[in-house]
Amino acid sequence: MMTNPTGRITQGQFSFLPDLSDDEIRLQIDYGLAKGYAWSVEYTDDPHPRNTYWEMYGMPMFDLHDAAGVMLELQACRQTFPQHYIRLMAFDSTRGVESIAMSFIVNRPEREPGFGLRRQEGAGRRMHYTVHGYGADRPEGERG
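Reading guide: rules and limits
- Residues numbered from 1 in each chain as written.
- Predicted model: local features only at pLDDT ≥ 70, side-chain atom pairs only at ≥ 80, totals over all residues.
- Heavy atoms only, no water.
- Helix = DSSP H or I, 4+ residues; strand = E, 2+ residues; numbered from the N terminus.
- Contact = heavy atoms within 4.5 Å.
- Core = buried A, V, L, I, M, F, W, Y, C linked by side-chain atoms within 4.5 Å.
- Buried < 20%, exposed > 50% of the residue type's maximum accessible area, 1.4 Å probe, protein only.
- Pairing = 2+ DSSP bridges.
- Patch = residues over 30% accessible without salt bridge, like charges linked within 9 Å, V, L, I, M, F, W, Y side chains within 5 Å.
- Areas by Shrake-Rupley, 256 points an atom, 1.4 Å probe, with all protein chains shown as cover.
- Salt bridge = Lys/Arg side-chain N within 4 Å of Asp/Glu carboxyl O.

## Some words on the environment of Pro 82
Inspection of the secondary structure puts Pro 82 in the loop between helix H2 (67-80) and strand S3 (85-92). Spatially, the C-alpha atom of Pro 82 lies 10.0 Å from that of Tyr 43, the residues being 39 residues apart in sequence. Apart from the residues within four sequence positions on either side, Pro 82 is in contact with Asn 107 and Arg 108.

This is how it looks when you write it as structure tokens:
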């Protein structure tokens, strides 16, 4: 049974839904701002599931009260990195730590290279598996 028939990267919220429009993204930002979350924009060309530290575009946006500031930062990131994955992250600092409360992809490259499962046989008939991102076969900056 195939659990991801689209073959798209499924990280964060809304992963199995069609891409959000800018108006829908703005509504999610407004929701987070109403909860007091701080937003940041991040990008990568290697969306491996264990690659949790994407590059941050600009600084985290604390003390915002309007989604327009986040949308401007998002548009600038899209112009700079049109063939990268871009995600929005909302941080909740109400507990005294930076906890991620929301995270979703807002930009994808035209072609998503995907992943393969590599199997390695070990001692005693043990099998070891690892996920390999095809995008990482090329040097950084040449992926996508």
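## A closer look at the nonpolar core
Among the nonpolar cores identified, the biggest contains 22 residues, and Ile 25, Ile 29, Trp 39, Leu 88 and Phe 104 are the most heavily contacted of them. Residue contributions to this core peak at five residues, all from H2. Sequence-distant contacts of Ile 25, defined by excluding residues within four places in its chain, comprise Leu 20, Met 71, Leu 74, Arg 78, Leu 88, Phe 104 and Val 106.

## Section: the pairing of strand S1 (residues 38-44)
In the case of a regular strand, side chains alternate between the two sheet surfaces. Burial of S1 is extensive: seven of the seven residues sit out of reach of the surface. Burial along S1 is two-sided: the face carrying Ala 38, Ser 40, Glu 42 and Thr 44 and the face carrying Trp 39, Val 41 and Tyr 43 are both buried. When S1 meets S3, the two strands line up antiparallel, connected through seven bridges. The residue bridging Ala 38 from the neighbouring strand is Phe 91, located in S3.

## Quick notes on a nonpolar patch on the surface
A cluster of nonpolar side chains, Leu 117, Met 127, Tyr 129 and Val 131, forms an exposed patch at the surface whose accessible area comes to about 390 Å². Looking at the nonpolar patch, the element that brings in the most residues is strand S6 (residues 127-133), giving three residues. On the secondary structure map, Leu 117 appears in strand S5 (residues 115-121).

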